[in-house]
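Secondary and tertiary structure notes
Residues per chain, in single letters:
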Amino acid sequence: MIKVGIIGSTGYAGVEIVRLITQHPEAEVVWYGSRSYVDQKYAEVFRNMFEIVDAKCLEDNMDELADAVDVIFTATPQGLCGSLVNEEILNKVKIVDLSADFRIKDVATYEKWYGITHQSPQFIEEAVYGLCEINREKTKGARLVANPGCYTTCSILSIYPLVKEGLIDPKSIIVDAKSGTSGAGRGAKVPNLFCEVNENIKAYGVTSHRHTPEIEEQLGYAAGEEVLINFTPHLVPMQRGILVTAYANLTKDVTYDEVKAVYDKYYAKEQFVRVLDKDVCPETRWVEGSNYVDVNFKIDERTGRIIMMGALDNLIKGAAGQAVQNMNILFGLEENAGLQQIPMFP
(Lines give C-alpha, C1' and ligand atoms only; values in the text may rest on other atoms or scores of the structure.)
Protein backbone atom coordinates (compact mmCIF):
# COMPACT_ATOMS: atom_id res chain seq x y z
CA MET A 1 0.00 0.00 0.00
CA ILE A 2 1.19 3.50 -0.84
CA LYS A 3 1.40 5.56 2.34
CA VAL A 4 -0.14 8.99 1.91
CA GLY A 5 0.36 12.13 3.99
CA ILE A 6 -1.77 15.23 3.59
CA ILE A 7 -0.83 18.73 4.69
CA GLY A 8 -4.08 20.68 4.83
CA SER A 9 -6.34 17.65 5.26
CA THR A 10 -9.16 19.72 6.80
CA GLY A 11 -9.67 22.07 3.86
CA TYR A 12 -12.17 21.31 1.11
CA ALA A 13 -9.57 19.83 -1.23
CA GLY A 14 -7.90 18.00 1.65
CA VAL A 15 -11.05 16.21 2.80
CA GLU A 16 -11.74 15.22 -0.81
CA ILE A 17 -8.29 13.64 -1.00
CA VAL A 18 -9.11 11.73 2.18
CA ARG A 19 -12.43 10.56 0.74
CA LEU A 20 -10.84 9.40 -2.51
CA ILE A 21 -7.83 7.69 -0.92
CA THR A 22 -10.10 5.92 1.59
CA GLN A 23 -11.71 4.24 -1.43
CA HIS A 24 -8.39 3.61 -3.20
CA PRO A 25 -7.38 -0.05 -3.61
CA GLU A 26 -3.64 0.56 -3.30
CA ALA A 27 -3.18 3.59 -1.05
CA GLU A 28 -3.97 4.67 2.52
CA VAL A 29 -3.79 7.93 4.43
CA VAL A 30 -1.46 7.65 7.42
CA TRP A 31 -0.99 11.36 8.19
CA TYR A 32 -3.89 13.82 8.49
CA GLY A 33 -2.09 17.14 8.73
CA SER A 34 -3.97 20.19 10.02
CA ARG A 35 -2.77 23.29 11.84
CA SER A 36 -6.27 24.15 13.03
CA TYR A 37 -7.29 20.81 14.56
CA VAL A 38 -4.13 19.24 16.00
CA ASP A 39 -4.92 16.23 18.25
CA GLN A 40 -8.62 16.39 17.39
CA LYS A 41 -10.18 13.31 15.82
CA TYR A 42 -10.61 13.70 12.09
CA ALA A 43 -14.13 12.27 12.30
CA GLU A 44 -15.07 14.99 14.77
CA VAL A 45 -14.11 17.63 12.23
CA PHE A 46 -15.90 15.82 9.39
CA ARG A 47 -18.79 13.69 10.66
CA ASN A 48 -19.09 11.93 7.32
CA MET A 49 -15.90 10.09 8.33
CA PHE A 50 -17.46 8.68 11.53
CA GLU A 51 -16.50 4.99 11.90
CA ILE A 52 -14.45 5.33 8.71
CA VAL A 53 -11.43 7.34 9.90
CA ASP A 54 -10.27 6.85 13.50
CA ALA A 55 -7.07 8.90 13.33
CA LYS A 56 -6.32 12.27 14.91
CA CYS A 57 -5.09 15.35 13.12
CA LEU A 58 -1.33 15.89 13.28
CA GLU A 59 0.95 18.90 12.95
CA ASP A 60 2.32 19.88 9.55
CA ASN A 61 5.85 18.59 10.23
CA MET A 62 7.27 18.14 6.73
CA ASP A 63 10.55 16.54 7.88
CA GLU A 64 8.86 13.91 10.02
CA LEU A 65 6.16 13.38 7.42
CA ALA A 66 8.71 12.72 4.65
CA ASP A 67 10.09 9.80 6.66
CA ALA A 68 6.64 8.30 7.25
CA VAL A 69 5.00 8.30 3.81
CA ASP A 70 5.59 7.68 0.10
CA VAL A 71 3.75 10.74 -1.19
CA ILE A 72 2.70 14.06 0.33
CA PHE A 73 -0.27 16.08 -0.87
CA THR A 74 0.02 19.75 0.06
CA ALA A 75 -3.51 21.15 -0.04
CA THR A 76 -2.49 24.53 1.33
CA PRO A 77 -2.52 28.25 0.51
CA GLN A 78 0.08 29.65 -1.87
CA GLY A 79 3.58 29.99 -0.41
CA LEU A 80 3.49 27.20 2.17
CA CYS A 81 4.77 24.34 0.05
CA GLY A 82 7.45 26.56 -1.40
CA SER A 83 8.62 27.40 2.11
CA LEU A 84 8.78 23.73 3.21
CA VAL A 85 10.25 21.82 0.29
CA ASN A 86 13.99 21.15 0.04
CA GLU A 87 16.38 18.71 -1.63
CA GLU A 88 16.50 16.35 1.35
CA ILE A 89 12.71 16.01 1.42
CA LEU A 90 12.44 15.52 -2.35
CA ASN A 91 15.01 12.73 -2.15
CA LYS A 92 12.78 10.90 0.34
CA VAL A 93 9.24 11.42 -0.90
CA LYS A 94 7.15 12.53 -3.87
CA ILE A 95 5.10 15.70 -3.51
CA VAL A 96 1.87 16.66 -5.28
CA ASP A 97 1.30 20.34 -4.54
CA LEU A 98 -2.26 21.64 -4.95
CA SER A 99 -1.21 25.27 -4.53
CA ALA A 100 0.20 27.49 -7.29
CA ASP A 101 3.77 27.49 -5.95
CA PHE A 102 5.25 25.45 -8.79
CA ARG A 103 2.72 25.85 -11.61
CA ILE A 104 4.18 28.95 -13.25
CA LYS A 105 7.70 28.61 -14.65
CA ASP A 106 8.58 32.30 -14.56
CA VAL A 107 9.32 33.37 -10.99
CA ALA A 108 8.68 37.05 -11.68
CA THR A 109 5.25 36.25 -13.13
CA TYR A 110 4.36 34.16 -10.08
CA GLU A 111 5.48 36.86 -7.66
CA LYS A 112 3.65 39.58 -9.58
CA TRP A 113 0.28 37.78 -9.73
CA TYR A 114 0.40 36.24 -6.24
CA GLY A 115 2.06 39.11 -4.43
CA ILE A 116 4.52 36.94 -2.49
CA THR A 117 8.21 36.05 -2.75
CA HIS A 118 8.87 32.50 -3.92
CA GLN A 119 10.79 30.60 -1.23
CA SER A 120 12.24 27.80 -3.39
CA PRO A 121 12.55 28.93 -7.01
CA GLN A 122 15.30 26.36 -7.59
CA PHE A 123 12.65 23.64 -7.90
CA ILE A 124 10.32 25.42 -10.33
CA GLU A 125 12.02 24.14 -13.46
CA GLU A 126 12.01 20.56 -12.16
CA ALA A 127 8.34 20.59 -11.16
CA VAL A 128 5.99 18.97 -13.68
CA TYR A 129 2.71 20.69 -14.46
CA GLY A 130 0.33 17.87 -13.61
CA LEU A 131 -2.42 18.23 -16.19
CA CYS A 132 -2.62 14.48 -16.64
CA GLU A 133 -4.10 14.25 -20.12
CA ILE A 134 -1.40 16.54 -21.54
CA ASN A 135 1.70 15.95 -19.39
CA ARG A 136 1.28 12.28 -18.46
CA GLU A 137 4.69 11.19 -19.75
CA LYS A 138 6.52 14.05 -18.03
CA THR A 139 4.81 13.19 -14.74
CA LYS A 140 6.15 9.63 -14.68
CA GLY A 141 9.25 9.60 -12.51
CA ALA A 142 8.80 13.17 -11.23
CA ARG A 143 9.62 14.14 -7.65
CA LEU A 144 7.44 17.26 -7.57
CA VAL A 145 4.10 17.70 -9.35
CA ALA A 146 2.33 21.05 -9.59
CA ASN A 147 -1.36 20.16 -9.55
CA PRO A 148 -3.25 22.59 -11.85
CA GLY A 149 -5.95 24.99 -10.70
CA CYS A 150 -9.64 24.27 -11.17
CA TYR A 151 -10.43 27.11 -13.58
CA THR A 152 -7.21 26.29 -15.40
CA THR A 153 -7.92 22.59 -15.84
CA CYS A 154 -11.35 23.25 -17.29
CA SER A 155 -10.17 26.10 -19.52
CA ILE A 156 -7.12 24.34 -20.92
CA LEU A 157 -8.82 21.02 -21.61
CA SER A 158 -11.64 22.82 -23.39
CA ILE A 159 -9.31 24.87 -25.60
CA TYR A 160 -6.08 22.85 -25.92
CA PRO A 161 -6.85 20.68 -29.00
CA LEU A 162 -7.75 23.67 -31.16
CA VAL A 163 -4.73 25.69 -30.06
CA LYS A 164 -2.44 22.72 -30.58
CA GLU A 165 -3.75 22.14 -34.10
CA GLY A 166 -3.67 25.83 -35.04
CA LEU A 167 -7.40 26.10 -35.70
CA ILE A 168 -7.85 29.22 -33.58
CA ASP A 169 -6.00 32.51 -33.21
CA PRO A 170 -4.26 32.19 -29.80
CA LYS A 171 -4.40 35.95 -29.25
CA SER A 172 -8.19 36.12 -29.65
CA ILE A 173 -9.17 33.84 -26.76
CA ILE A 174 -11.75 35.04 -24.25
CA VAL A 175 -12.60 32.78 -21.30
CA ASP A 176 -15.80 33.31 -19.33
CA ALA A 177 -15.91 31.02 -16.30
CA LYS A 178 -18.24 30.30 -13.38
CA SER A 179 -17.42 28.60 -10.09
CA GLY A 180 -19.21 27.29 -7.06
CA THR A 181 -18.30 28.79 -3.68
CA SER A 182 -16.15 25.85 -2.52
CA GLY A 183 -13.51 27.10 -4.95
CA ALA A 184 -12.72 29.88 -2.48
CA GLY A 185 -11.73 27.41 0.23
CA ARG A 186 -13.06 26.65 3.70
CA GLY A 187 -11.87 29.77 5.47
CA ALA A 188 -14.50 32.17 6.82
CA LYS A 189 -14.82 35.13 4.47
CA VAL A 190 -17.65 37.66 4.40
CA PRO A 191 -18.07 37.61 0.57
CA ASN A 192 -18.68 33.85 0.75
CA LEU A 193 -21.35 33.88 3.46
CA PHE A 194 -24.71 32.41 2.45
CA CYS A 195 -26.52 35.76 2.52
CA GLU A 196 -23.81 37.33 0.38
CA VAL A 197 -23.80 34.59 -2.26
CA ASN A 198 -27.36 33.30 -2.42
CA GLU A 199 -29.59 34.67 -5.20
CA ASN A 200 -26.61 36.45 -6.71
CA ILE A 201 -23.96 36.11 -9.39
CA LYS A 202 -20.95 38.36 -9.75
CA ALA A 203 -17.73 38.74 -11.69
CA TYR A 204 -14.55 39.04 -9.65
CA GLY A 205 -10.83 39.25 -10.29
CA VAL A 206 -11.61 40.97 -13.60
CA THR A 207 -8.33 41.32 -15.56
CA SER A 208 -6.43 40.23 -12.45
CA HIS A 209 -7.38 36.64 -11.53
CA ARG A 210 -4.37 34.55 -10.59
CA HIS A 211 -5.21 31.68 -12.91
CA THR A 212 -4.76 33.94 -15.94
CA PRO A 213 -0.97 33.51 -16.36
CA GLU A 214 -1.27 29.78 -15.70
CA ILE A 215 -3.74 29.36 -18.57
CA GLU A 216 -1.67 31.62 -20.83
CA GLU A 217 1.56 29.78 -20.14
CA GLN A 218 0.17 26.31 -20.78
CA LEU A 219 -1.73 27.30 -23.92
CA GLY A 220 1.42 29.08 -25.05
CA TYR A 221 3.31 25.79 -24.95
CA ALA A 222 0.59 24.25 -27.12
CA ALA A 223 0.55 27.14 -29.58
CA GLY A 224 4.30 27.53 -29.76
CA GLU A 225 3.94 31.27 -29.20
CA GLU A 226 2.90 33.77 -26.56
CA VAL A 227 -0.78 33.62 -25.66
CA LEU A 228 -2.72 36.52 -24.12
CA ILE A 229 -6.29 35.93 -22.99
CA ASN A 230 -9.16 37.75 -21.37
CA PHE A 231 -10.21 35.65 -18.39
CA THR A 232 -13.23 36.62 -16.30
CA PRO A 233 -14.39 34.37 -13.45
CA HIS A 234 -17.80 34.56 -11.79
CA LEU A 235 -19.07 33.32 -8.45
CA VAL A 236 -22.41 31.50 -8.57
CA PRO A 237 -24.56 30.29 -5.65
CA MET A 238 -23.77 26.57 -5.76
CA GLN A 239 -21.33 24.46 -3.79
CA ARG A 240 -19.39 22.72 -6.54
CA GLY A 241 -18.63 23.07 -10.20
CA ILE A 242 -16.75 24.98 -12.87
CA LEU A 243 -18.34 25.97 -16.16
CA VAL A 244 -16.15 27.49 -18.87
CA THR A 245 -17.37 29.15 -22.06
CA ALA A 246 -14.44 30.26 -24.22
CA TYR A 247 -14.46 32.17 -27.49
CA ALA A 248 -11.82 32.47 -30.24
CA ASN A 249 -11.46 33.44 -33.88
CA LEU A 250 -11.06 30.54 -36.27
CA THR A 251 -8.00 30.59 -38.54
CA LYS A 252 -9.87 28.88 -41.40
CA ASP A 253 -13.28 27.59 -42.36
CA VAL A 254 -14.00 24.27 -40.67
CA THR A 255 -16.88 21.85 -40.42
CA TYR A 256 -18.29 20.23 -37.30
CA ASP A 257 -16.78 16.87 -38.29
CA GLU A 258 -13.32 18.39 -38.75
CA VAL A 259 -13.34 19.99 -35.31
CA LYS A 260 -14.82 16.88 -33.69
CA ALA A 261 -12.00 14.84 -35.20
CA VAL A 262 -9.47 17.16 -33.55
CA TYR A 263 -11.04 16.73 -30.11
CA ASP A 264 -11.20 12.97 -30.64
CA LYS A 265 -7.53 12.92 -31.62
CA TYR A 266 -6.60 14.11 -28.13
CA TYR A 267 -9.39 12.74 -25.97
CA ALA A 268 -10.93 9.63 -27.53
CA LYS A 269 -8.74 7.39 -25.34
CA GLU A 270 -9.00 9.57 -22.21
CA GLN A 271 -11.39 8.12 -19.65
CA PHE A 272 -11.90 11.35 -17.77
CA VAL A 273 -12.47 13.74 -20.68
CA ARG A 274 -15.83 13.22 -22.35
CA VAL A 275 -16.46 14.95 -25.67
CA LEU A 276 -20.22 15.34 -25.78
CA ASP A 277 -22.54 14.67 -28.68
CA LYS A 278 -23.31 17.41 -31.19
CA ASP A 279 -25.23 20.40 -29.80
CA VAL A 280 -25.06 19.09 -26.20
CA CYS A 281 -23.64 21.75 -23.87
CA PRO A 282 -21.66 20.75 -20.78
CA GLU A 283 -23.43 21.18 -17.43
CA THR A 284 -21.92 21.08 -13.97
CA ARG A 285 -24.60 18.75 -12.62
CA TRP A 286 -23.53 15.94 -14.95
CA VAL A 287 -19.96 15.86 -13.58
CA GLU A 288 -20.59 16.60 -9.91
CA GLY A 289 -18.86 14.21 -7.53
CA SER A 290 -16.66 12.74 -10.27
CA ASN A 291 -13.27 13.13 -11.93
CA TYR A 292 -14.84 13.70 -15.35
CA VAL A 293 -14.53 16.78 -17.55
CA ASP A 294 -17.25 17.26 -20.16
CA VAL A 295 -16.24 19.36 -23.17
CA ASN A 296 -17.87 20.43 -26.42
CA PHE A 297 -17.86 23.20 -29.01
CA LYS A 298 -20.09 25.16 -31.37
CA ILE A 299 -19.01 26.84 -34.59
CA ASP A 300 -20.47 30.31 -35.19
CA GLU A 301 -20.29 30.66 -38.97
CA ARG A 302 -21.81 34.14 -38.82
CA THR A 303 -18.90 35.61 -36.83
CA GLY A 304 -16.11 33.24 -37.82
CA ARG A 305 -15.62 32.25 -34.19
CA ILE A 306 -15.84 29.02 -32.27
CA ILE A 307 -17.27 28.59 -28.77
CA MET A 308 -15.48 26.00 -26.61
CA MET A 309 -17.19 24.73 -23.46
CA GLY A 310 -16.23 22.64 -20.45
CA ALA A 311 -17.57 21.57 -17.06
CA LEU A 312 -15.96 19.82 -14.10
CA ASP A 313 -16.22 19.40 -10.34
CA ASN A 314 -13.75 21.95 -8.98
CA LEU A 315 -12.95 19.87 -5.88
CA ILE A 316 -12.30 16.63 -7.76
CA LYS A 317 -10.91 16.97 -11.29
CA GLY A 318 -10.16 20.58 -10.39
CA ALA A 319 -8.18 19.61 -7.28
CA ALA A 320 -8.22 16.36 -5.28
CA GLY A 321 -9.18 13.94 -8.05
CA GLN A 322 -6.50 15.23 -10.37
CA ALA A 323 -4.02 15.02 -7.49
CA VAL A 324 -4.89 11.35 -6.97
CA GLN A 325 -4.71 10.80 -10.73
CA ASN A 326 -1.20 12.27 -10.64
CA MET A 327 -0.29 9.99 -7.73
CA ASN A 328 -1.44 6.99 -9.75
CA ILE A 329 0.79 8.06 -12.64
CA LEU A 330 3.77 8.64 -10.33
CA PHE A 331 3.56 5.13 -8.89
CA GLY A 332 2.67 3.28 -12.08
CA LEU A 333 -0.85 2.39 -10.99
CA GLU A 334 -3.98 2.21 -13.08
CA GLU A 335 -4.75 5.86 -13.69
CA ASN A 336 -8.39 5.51 -12.67
CA ALA A 337 -7.63 3.77 -9.36
CA GLY A 338 -9.81 5.29 -6.65
CA LEU A 339 -11.44 7.62 -9.19
CA GLN A 340 -14.24 5.61 -10.72
CA GLN A 341 -17.08 7.40 -8.96
CA ILE A 342 -20.03 7.98 -11.27
CA PRO A 343 -21.28 11.61 -11.27
CA MET A 344 -24.01 12.21 -8.68
CA PHE A 345 -27.56 13.19 -9.56
CA PRO A 346 -29.56 14.94 -8.30
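Since this is a predicted model, take the numbers as computed values, not measurements. Note on numbering: residues in each chain are counted from 1, in written sequence order. Where local features are concerned, this predicted model is filtered to residues with pLDDT of at least 70; where side-chain atom pairs are given and counted, the filter is 80 or more; whole-chain, interface and lining totals use all residues. As a rule here, side-chain values cover all heavy atoms of the structure and leave hydrogens and water aside.

1. So, the packing of aromatic side chains
Pairs of aromatic rings are described using the distance from one ring centre to the other and the angle between the two planes. Here is the rule: rings of Phe, Tyr and Trp (six-membered ring for Trp) pair when centre to centre is within 6.5 Å. Planes less than 30 degrees apart are stacked, more than 60 are edge-to-face, and the remainder are tilted. Here the structure, examined in full by the defined rule, presents 10 aromatic pairs. Measuring from ring centre to ring centre gives 5.7 Å for tyrosine 160 and tyrosine 266, while their planes differ by 90°; the resulting arrangement is edge-to-face. Note that tyrosine 160 is positioned in helix H8 (residues 150-164) and tyrosine 266 in helix H11 (residues 256-267), a separation of 106 residues in sequence. Using a 1.4 Å probe on the protein chains alone, a residue whose accessible area is under 20% of its type maximum counts as buried, one over 50% counts as exposed, and one in between counts as partly exposed. Residue class for tyrosine 160 comes out buried when judged on its relative accessible area of 11%. Geometrically, the ring pair formed by tyrosine 263 and phenylalanine 297 is stacked, given 5.4 Å between the ring centres and 0° between the ring planes. Of the two residues, tyrosine 263 sits in helix H11 while phenylalanine 297 sits in strand S12 (residues 293-300), which places them 34 residues apart along the sequence. Chaining the aromatic ring pairs together yields one cluster made of Tyr256, Tyr263, Tyr267 and Phe297. Whether a charge lies above a ring is judged from NZ of Lys or CZ of Arg, which has to be within 6 Å of the ring centre and within 35 degrees of the ring normal. Across the ring face of tyrosine 292, the terminal group of arginine 274 is positioned such that the distance to the ring centre comes to 4.5 Å. Here the basic side chain of lysine 278 rests over the ring of tyrosine 256, its NZ or CZ set 4.9 Å away from the ring centre. Secondary structure elements follow DSSP: runs of H or I of four or more residues count as helices, runs of E of two or more count as strands, with numbering from the N terminus.

2. Some remarks on the side chain of threonine 10
Position of threonine 10 among the secondary structure elements: in the loop between strand S1 (2-7) and helix H1 (12-22). At 2.8 Å, the side chain of threonine 10 and the side chain of serine 34 are in polar contact. Discounting chain neighbours no more than four positions away, the residues touching threonine 10 are Gly33, Ser34, Tyr37, Tyr42, Val45, Phe46, Cys57 and Arg186. We define a polar contact as two N or O atoms separated by no more than 3.5 Å, with the added condition that, inside protein, one atom must be a possible hydrogen donor and the other a possible acceptor, whereas residues neighbouring each other in sequence contribute only through side-chain atom pairs. What makes two residues a contact is simply this: any of their non-hydrogen atoms within 4.5 Å.

3. Describing the sheet that holds strand S11 (residues 273-275)
Strands qualify as paired when DSSP identifies two bridges or more between them. A sheet is described by the order of its strands in space; here seven strands give the open sequence S8-S9-S7-S10-S13-S12-S11, paired in mixed fashion. A strand with exactly one partner marks an edge of an open sheet, and here the two such strands are strand S8 (202-203) and S11. Two elements, S12 and strand S13 (residues 305-312), share eight bridges in a ladder whose sense is antiparallel. Bridge pairing links aspartate 294 to alanine 311 in S13.

4. Section: a negative patch on the surface
Only residues above 30% relative accessible area that lack a salt bridge enter a patch, with like-charged residues linked at up to 9 Å and the nonpolar side chains Val, Leu, Ile, Met, Phe, Trp and Tyr linked at up to 5 Å. Working definition of accessibility: Shrake-Rupley area with a 1.4 Å probe, residue cover restricted to the visible protein chains. By salt bridge we mean one thing: a side-chain nitrogen of Lys or Arg within 4 Å of a carboxyl oxygen of Asp or Glu. Note on charges: Lys and Arg go in the positive column, Asp and Glu in the negative column, and His and the chain ends are not counted at all. For charged residues, the charge sits on one atom: NZ in Lys, CZ in Arg, CG in Asp, CD in Glu. On the surface, Asp39, Glu59, Asp63 and Glu64 cluster together into a patch of negative charge. By the element assignment, glutamate 64 lies in helix H3 (residues 62-68). Since its relative accessible area comes to 46%, glutamate 64 is described here as partly exposed.

5. What to know about H1
Within H1, eight of the 11 residues are buried, leaving the element largely enclosed by the surrounding structure. Among the residues of H1, those classed as buried are Ala13, Gly14, Val15, Glu16, Ile17, Val18, Leu20 and Ile21. Those residues of H1 hidden inside the fold are in contact with S1, strand S2 (27-33), helix H2 (42-45), strand S3 (71-74) and helix H12 (316-330).

6. Things to note about the environment of aspartate 39
Its location among the elements puts aspartate 39 in the loop between S2 and H2. With sequence-adjacent residues up to four places away left out, aspartate 39 is seen in contact with Lys56 and Cys57.

7. Details of the pattern of salt bridges
For the structure shown, the criterion picks out 20 salt bridges. A salt bridge links glutamate 214 to arginine 103, with the nearest nitrogen and oxygen atoms 3.2 Å apart. Here arginine 103 lies in the loop between strand S4 (94-97) and helix H6 (107-114) and glutamate 214 lies in helix H10 (residues 211-223), a separation of 111 residues in the sequence. This pair shows no difference in class: glutamate 214 is buried, exactly as arginine 103 is. Between aspartate 294 and arginine 274 there is a salt bridge; the shortest N-O distance is 2.7 Å. Remark: arginine 274 occurs in strand S11 and aspartate 294 occurs in strand S12; sequence separation between them is 20 residues. Residue classification places aspartate 294 among the buried positions, given a relative accessible area of 3%. Judged by relative accessible area, which is 29%, arginine 274 ranks as partly exposed. Shared partners join several salt bridges into a network, and the residues in it are Glu16, Arg19, Arg240 and Asp313.

8. Remarks on the packing of helix H7 (residues 132-139) against H12
Contact geometry of H7 with H12 gives a least axis separation of 10 Å together with a crossing angle of 30°. For the pair H7 and H12, the sense of crossing is right-handed. Together, Cys132, Glu133, Arg136 and Thr139 of H7 and Lys317, Gln322, Gln325, Asn326, Ile329 and Leu330 of H12 make up the contact between the two elements. For the contact of H7 with H12, the per-class residue count stands at three nonpolar, four polar and three charged. In this description, a line fitted to the C-alpha atoms serves as the axis of each element, helices being fitted only across the stretch in contact, and the angle between N-to-C directions of two axes falls anywhere from 0 to 180 degrees. Crossings are assigned a handedness: left-handed for a near helix turned anticlockwise from the far helix by less than a right angle, right-handed for a clockwise turn. For this scheme, ten residues count as nonpolar: Ala, Val, Leu, Ile, Met, Phe, Trp, Tyr, Cys and Pro. Four count as charged, namely Asp, Glu, Lys and Arg, and the remainder, Gly too, count as polar.

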